Amino acid sequence: MAPSQAASVMNEPLTRADSLPLLDQAATEVSPTTFEVSTPKIESQIIGDITPLPFEDIPGPVILKIWEKYWKYVPLLGTQLFSSLLINRFTQGRLSWNRNVTPLKYLFNEYGCIVRINGPLSGDIVMIHRPEHIAEVFRQEGDKPIRSGIDILQHYRLNHRKYRLAGPFSLQGSDWLEMREKVEQDFNDIASRFFGKVDAICDDLITRIYKIRNRQNEVPASFHEDIIRWAMECFCNLTFNKHLGFLESPGYNSASEPSRIISSLMTAHKYMSRCETGFQVWRFFLTPFARKLFEACDVLDGVIGRYVRQAQTKLRARSSSHGETANDSSPVLEKFLLNESIHPDDICTLLMDMMILGVQATANSESFLLYYLARNPRTQRTLYDEIASVLPHKDSTFTEDILKSMPYLKACLQESLRLRPTFPYITRLLPKTISLHGYTIPKGTFVIMANQITSQREENFEDPTKFKPERWLTSSTKEDTDFSYLPFGYGIRSCLGKHMAETKMMLLTAKLIRQFRIEYDYADIKSNFMMVNVPNKPLRFRFIDRN
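These numbers come from a predicted model, not from an experiment.

Trainee: How do you make sense of the overall build of the chain when you look at a structure like this?
Mentor: Check the secondary structure of the chain and you find 20 helices and 10 strands. Residues counted as buried form 53% of the 547 residues belonging to the chain. Nonlocal contacts in the chain, meaning residues at least 24 apart in sequence, comprise 71% of its contacts between residues at least 6 apart. Approximately 24,700 Å² of the chain is accessible, and the part contributed by carbon and sulfur atoms is 50%.

Trainee: Got a minute to help me understand the packing of aromatic side chains in this structure?
Mentor: Aromatic rings considered in pairs are described by the distance between their centres and by the relative angle of their planes. Under the criterion given, the structure shown has 20 aromatic pairs. Directly above the aromatic system of Tyr-252 lies the positively charged group of Arg-208, at a separation of 3.6 Å from the ring centroid. Over the ring of Tyr-252 we find Arg-229, and its NZ or CZ is 3.9 Å from the ring centre.

Trainee: Got a minute to help me understand the sheet that holds strand β3 (residues 426-429) in this structure?
Mentor: Paired through their backbone hydrogen bonds, the strands of a sheet run either parallel or antiparallel. If you walk across this open sheet you meet the four strands as β1-β2-β6-β3, and the pairing is mixed. The sheet is open, and its two borders are formed by β1 (114-118) and β3, each paired with just one other strand. On average, adjacent strands in this sheet sit at an angle of 20° to one another, irrespective of strand direction. The pairing of β1 with strand β2 (residues 124-128) spans five bridges and is antiparallel. Residue pairing in the sheet places Ile-117 in a bridge with Ile-125 of β2. Contacting β2, β3 and β6 (446-449), helix α6 (residues 131-139) runs over the sheet at an angle of about 135° to β6.

Trainee: Honestly, the confidence of the model for the chain in this entry has me stumped. Any pointers?
Mentor: Detailed reading of the predicted model is not advised wherever pLDDT is low. Overall, the prediction assigns the chain a mean pLDDT of 80, with 79% of residues at 70 or greater. Considering each helix and strand of the chain separately, the mean pLDDT is smallest for helix α1 (residues 3-10), with a value of 38, and largest for strand β7 (residues 516-519), with 98. Every residue in residues 1-49 is under pLDDT 50, and counting partners more than four places away or in other chains gives 32 contacts. Low pLDDT, under 50, characterises residues 70-100; the predicted model gives this stretch 87 contacts beyond four residues in sequence or across chains.

Trainee: Even after reading the chapter, I still don't get the pattern of salt bridges, so can you show me in this structure?
Mentor: Pairing between side chains of opposite charge can happen when their charged atoms approach one another. Considering all chains together, one arrives at 22 salt bridges under this definition. The closest approach of N and O atoms between Glu-132 and Arg-130, which form a salt bridge, is 3.8 Å. One salt bridge in this structure joins Glu-141 and Arg-428, with 2.6 Å as the shortest N-O distance. Taken together, the residues Glu-141 in the loop between α6 and α7 (151-160) and Arg-428 in strand β3 connect sequence positions 287 residues apart. Glu-141 gets classed as buried once you look at its relative accessible area, which sits at 8%. Three or more residues are tied together by salt bridges with common partners; here these are Arg-161, Asp-298 and Asp-301.

Trainee: Any chance you could explain helix α11 (residues 257-276) here in plain terms?
Mentor: Quick reminder: α-helices carry 3.6 residues per turn. Residues three or four places apart thus point the same way. Over its 20 residues, α11 runs 28 Å from end to end, which matches the ideal 28 Å to within 8%, given 1.5 Å per residue. Of all 20 residues in α11, 14 are buried, a share of seventy percent or more.

So, how was this worked out
- Residues numbered from 1 in each chain as written.
- Predicted model: local features only at pLDDT ≥ 70, side-chain atom pairs only at ≥ 80, totals over all residues.
- Heavy atoms only, no water.
- Helix = DSSP H or I, 4+ residues; strand = E, 2+ residues; numbered from the N terminus.
- Buried < 20%, exposed > 50% of the residue type's maximum accessible area, 1.4 Å probe, protein only.
- Contact = heavy atoms within 4.5 Å.
- Areas by Shrake-Rupley, 256 points an atom, 1.4 Å probe, with all protein chains shown as cover.
- Phe/Tyr/Trp six-rings, centres within 6.5 Å; stacked < 30°, edge-to-face > 60°.
- Lys NZ or Arg CZ within 6 Å of the ring centre and 35° of its normal.
- Pairing = 2+ DSSP bridges.
- Axes fitted to C-alpha atoms, helices over the stretch in contact; angles between N-to-C directions.
- pLDDT = per-residue confidence, 0-100.
- Salt bridge = Lys/Arg side-chain N within 4 Å of Asp/Glu carboxyl O.
- Expected span 1.5 Å × (residues − 1).

This is the structure in structure tokens:
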């Protein structure tokens, strides 16, 4: 008897008609007369029923088990997810990987809430989406959790650039804890210390919108790049204390440094995804995709290296006359360099991860937020009323305290991240054997937690596909969504830049809504999965001036 069946049986009253055929599933009628059964017999039955089933009994695509013995003859598959080619073949072409979360939805709908895939990662992959199962994985992960890294970036750093470490995203165990302790405080403080600069960069994007919109107040199909440029300008200001002019006219010249950086960033992001989620042939020879990725990363690495050297020179000059000290106005790069426990190579890899993943994550999350507001004019009006109540004039000054006093703005951001979290999957390598849904999951199993599917299930959120920020204004929602809403991960491996990203997105959204009414008149925008969720259609918004 399955555990779920046992629970169902124990919740029903025992009747005379069921006294003998208690395990007979064909019994359909129940007599209203009840009788007593001795407690020891019941306890014995419960114990027998809740004994975890073996790992091999977890359902999943049977055909993959046939291929299990052949994994050793092919290159390793990406640790982020398994091969798109194989999964598409084994599901008769019904899946389209790297486009959205459809593959996992299909597998859950076909095999249940826990699915086993026979694969090369410690032999197996287990996929889950229920909050209680996700909670159990996090409860058992210990103080040194291991998640999947980005293999191609690790290969680039260790083999191509010959760095000592693979970078913070790929660090595990004690190495990650040590890195986090060194930089966490600076990440937490950065948004508050540079709020004024972020505010000015948001104004630059507003100026850009006035310049590029047409007579119908519509921005061109390339507007997504403008949002990426906004995010990159914020990054360079906060990190290097440099205003590079990503949103200014000279910065759009193809030969300019801002354009070279943006082009390299977008190329790196594109080919990192392609290298990571297919067969990793690049482990054996340099493939065209890997070559393009490495060339783009070399450009970004060169820019970062130059600013690191400039900061080092500046700090040496300051030290010779005043002594090396950091203050609240010092950029993040200088604070990192003054921390003698952080190796310069580690600073370079950290900043590149922030560029390739952090900038893209912020830009794409902001894009989805603006889209949902454009698609829901009543919600947008409610948000505008909240903003106008504390900022009655278009030129009113924003402060961080004012931003914190806008609960509906925060709710809009939360709702957008629920529908389109930056990372639709969270991964862990189990450090110990655990029990999930009545199955034994052995130590070393690779677990994929489909948090985007979790946050769009009816049992977790009412009307889960609708954009309803109001749900976040009630205390019950906040209390009941600990593991059904994880846009920044959870625990020790959660996103270091959470506060910084939220502040930037909320500030830009507030300023745009205060200035414009945003509309969108085209087909629904969904997401492509390219390591992070990316809009699958151009952001052809209309920015209409408010009276």
